[in-house]
Amino acid sequence: MSDVVDPMHTRGRWLVTTASGAMHLIESTGPGGAVTATRVTAGPAGNDPRYPLGTLRRDDQPLHVTGIQHLNGTTMSSGIVAGQDMWLYLEPLAPEADLTLRRTTPVVAVDTLPAAASDA
């Protein structure tokens, strides 16, 4: 199995790029702490016509994350894995929703970023 990055249990910052060209900044304060995901729209569209890059509600804004998973065979597992879709369980983005689930196109890269200046 590929390396798993699990922001729900690991402190850090990652830039996750998907096949559509979407980029997600994932920031975590560590186990039991806050995790946010910001879909960065400045990324170029990917070159796979099966995965068009669309605009989503609250792009470029950090959203509270309650879970991040990927499909591992026939079961969902925690974390982000290159080659698999990323499933983000987010704060409700519609007034009538209990939560918002976003499923990305396959992850093509997970880049570790340095700590934010405010963390230093």
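Our structure's up above, just so we're on the same page.
Residues numbered from 1 in each chain as written. Predicted model: local features only at pLDDT ≥ 70, side-chain atom pairs only at ≥ 80, totals over all residues. Heavy atoms only, no water.

Participant: Would you mind going over the nonpolar core with me for this structure?
Facilitator: One broad trend across soluble globular proteins is that nonpolar side chains are buried collectively. One finds Ile26, Val65, Ile68, Ile80, Met86 and Leu88 to be the most contacted residues of the largest nonpolar core, which totals 16 residues. Contributing elements (two or more residues each) for this core: β1 (12-18), β3 (35-40), β4 (63-72) and β6 (85-90). Apart from the residues within four sequence positions on either side, isoleucine 26 is in contact with Pro7, Gly12, Arg13, Trp14, Val16, Val35, Thr36, Ala37, Ile68, Ile80 and Leu88. (Core = buried A, V, L, I, M, F, W, Y, C linked by side-chain atoms within 4.5 Å. Buried < 20%, exposed > 50% of the residue type's maximum accessible area, 1.4 Å probe, protein only. Helix = DSSP H or I, 4+ residues; strand = E, 2+ residues; numbered from the N terminus. Contact = heavy atoms within 4.5 Å.)

Participant: What exactly am I supposed to notice about the pairing of β1 here?
Facilitator: A regular strand carries its side chains on alternate faces of the sheet. Counting buried residues along β1, five of its seven residues qualify, which places the element largely inside the surrounding structure. Where β1 lies against strand β2 (residues 23-28), six bridges are found, and the strand directions are antiparallel. The residue of β2 that forms the bridge with tryptophan 14 is isoleucine 26. Between β1 and β2, which pair antiparallel one after the other, the connecting turn spans four residues, and glycine 21 there sits at a positive phi close to 95°. Sheet analysis places β1 next to strand β7 (residues 100-113), joined by six bridges and oriented antiparallel. Paired with threonine 17 across the two strands is alanine 109, which belongs to β7. (Pairing = 2+ DSSP bridges.)

Participant: Got a minute to help me understand the side chain of histidine 70 in this structure?
Facilitator: Of note, histidine 70 is situated in strand β4. Judged by relative accessible area, which is 2%, histidine 70 ranks as buried. Polar side-chain contacts of histidine 70 include one of 3.0 Å to the backbone oxygen of glycine 79. In this structure histidine 70 touches Val4, Thr75, Met76, Ser77, Ser78, Gly79, Ile80, Val81, Gln84, Asp85 and Trp87, once residues within four positions along its chain are discounted. (Polar contact = N/O pair within 3.5 Å; in protein donor to acceptor, adjacent residues only side chain to side chain.)

Participant: Sorry if this is basic, but what is going on with the pattern of salt bridges here?
Facilitator: Where charged atoms of side chains with opposite charge meet at close range, the side chains can pair. In the structure shown here, the tally under the stated rule is two salt bridges. Arginine 13 is the partner of glutamate 27 in a salt bridge, and the nearest nitrogen-oxygen pair spans 2.9 Å. Placement of the pair is glutamate 27 in strand β2 and arginine 13 in strand β1, with a sequence separation of 14 residues. Here glutamate 27 falls in the partly exposed class, since its relative accessible area comes to 24%. Since its relative accessible area comes to 18%, arginine 13 is described here as buried. One salt bridge connects aspartate 85 with arginine 103, and the closest N-O pair in it is separated by 2.7 Å. One end of the pair, aspartate 85, is in strand β6; the other, arginine 103, is in strand β7, and 18 residues separate them in sequence. Classification of aspartate 85 by relative accessible area gives buried; the value is 16%. (Salt bridge = Lys/Arg side-chain N within 4 Å of Asp/Glu carboxyl O.)

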